[in-house]
Amino acid sequence: MPYTVLYPLGGPVSGAPLADASEDAELIFQLTSVGGRSDQAEWMADRGRRAVLERAPSGAWRYPLEIPGVDVWGRELDADDGTDTTASAQGVVTNSQRYWLSATGKS
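Okay, so let's go over this structure. Everything quoted here is computed from the prediction, not taken from an experiment. The residue numbers shown here count from 1 along each chain, following its written sequence. Given that this is a predicted model, residues contribute local features only at a pLDDT of at least 70 and side-chain atom pairs are listed and counted only at 80 or more, while totals for whole chains, interfaces and linings are drawn from all residues. Each side-chain value is worked out from all heavy atoms of the structure, with water and hydrogens disregarded.

### What to know about the packing of aromatic side chains
Describing an aromatic ring pair means giving the distance of the ring centres and the angle of the ring planes.
Now for step 1: A pair of Phe, Tyr and Trp rings is counted when the ring centres sit within 6.5 Å of each other, with Trp represented by its six-membered ring. The angle between the planes then sorts it: under 30 degrees is stacked, over 60 is edge-to-face, the rest tilted. What the rule picks out here adds up to 0 aromatic pairs.
Now for step 2: For the cation-ring pair, R55 lies above W61, with the distance from its terminal atom to the ring centre recorded as 3.7 Å. Our definition puts a charge over a ring when NZ of Lys or CZ of Arg is within 6 Å of the ring centre and also within 35 degrees of the ring normal.

### A short note on a nonpolar patch on the surface
Now for step 1: The patch calculation keeps residues exceeding 30% relative accessible area without a salt bridge and links them within 9 Å when they carry like charges or within 5 Å when they are nonpolar (Val, Leu, Ile, Met, Phe, Trp, Tyr). Here the Shrake-Rupley method, with its probe set to 1.4 Å, supplies the accessible areas, and only the displayed protein chains count as covering residues. We define a salt bridge as a side-chain nitrogen of Lys or Arg found within 4 Å of a carboxyl oxygen belonging to Asp or Glu. Taken together, the side chains of M1, Y3 and V92 define a hydrophobic patch exposed on the protein surface, amounting to about 290 Å² of accessible area.
Now for step 2: Strands here are runs of E lasting at least two residues and helices are runs of H or I lasting at least four, both read from the DSSP assignment and numbered beginning at the N terminus. Looking at where Y3 falls in the secondary structure, it is placed in strand β1 (residues 3-10).

### Quick look at the pattern of salt bridges
Now for step 1: Under the defined criterion, the tally for this structure stands at 5 salt bridges.
Now for step 2: Note that D39 and R37 form a salt bridge whose closest N and O atoms lie 2.9 Å from each other.
Now for step 3: Here the salt bridges share partners, and the residues they tie into one network are D46, R49 and D80.

### What to know about unusual backbone geometry
Now for step 1: Here M1 and P2 are connected by a cis peptide whose omega angle stands at -5 degrees.
Now for step 2: For P2, the location among the structural elements is in the segment before β1.

### Points about the environment of S102
Now for step 1: Among the structural elements, S102 can be located in strand β4 (residues 93-105).
Now for step 2: Only protein chains enter the area calculation, which uses a 1.4 Å probe; residues under 20% of their type maximum are buried, those over 50% are exposed, and those in between are partly exposed. Looking at S102, the relative accessible area reads 9%, which means it is buried.
Now for step 3: A C-alpha to C-alpha distance of 4.8 Å links S102 and E26, two positions 76 residues apart in sequence.
Now for step 4: When sequence neighbours within four positions are dropped, the list of residues in contact with S102 reads A25, E26, D71, V72, W73 and G74. Only heavy atoms enter the contact rule, under which two residues are in contact if any of them lie within 4.5 Å.

### Concerning the environment of E76
Now for step 1: Among the secondary structure elements, E76 is positioned in strand β3 (residues 70-84).
Now for step 2: Residue E76 is classed as partly exposed on the basis of its relative accessible area, which comes to 47%.
Now for step 3: Sequence-wise, E76 and R49 are 27 residues apart; in three dimensions their C-alpha atoms are separated by 9.9 Å.
Now for step 4: With residues near it in sequence (within four places) discarded, E76 still touches L53, R98, Y99 and W100.

### Remarks on the sheet that holds strand β2 (residues 24-35)
Now for step 1: With antiparallel pairing, the 4 strands of this open sheet are ordered in space as β1-β2-β4-β3. Either end of the sheet is taken by a strand with one partner, and the two such strands are β1 and β3. Neighbouring strand axes in the sheet, compared pairwise and without regard to direction, differ in orientation by 20 degrees on average.
Now for step 2: Only when DSSP finds a minimum of two bridges between them are two strands counted as paired. Strand direction decides the pairing type here: β1 and β2, joined by 7 bridges, are antiparallel. The residue bridging L6 from the neighbouring strand is L31, located in β2.
Now for step 3: Helix axes are fitted to C-alpha atoms over the stretch in contact, other axes to C-alpha atoms as well, and angles between N-to-C directions run from 0 to 180 degrees. Each of β1, β2, β3 and β4 is contacted by helix α1 (residues 38-53), which is oriented at about 10 degrees to β4, the strand it contacts most.

Here it is, written out as structure tokens:
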């Protein structure tokens, strides 16, 4: 502890498969950060948020998402459920965030 788990939640795809050039998709992921204490779960959640959303001074994403055949051009925090301490008596505290990734197929 602490650690983070990334879950793909799917998302809408319109038109041809994303593997075709110029097709778009909205991909949804949940990032769940787990710690033994609230500060650990929140620290991991902050690191995850920076990894997904942080930009360099040039405006480019600080941490590019390299996916063969796909251009991830948009990222957005969709929901932040905050810290859940209901299982803290068992030494487990979680923090969940949901992200939208906008992607286009490229050749």
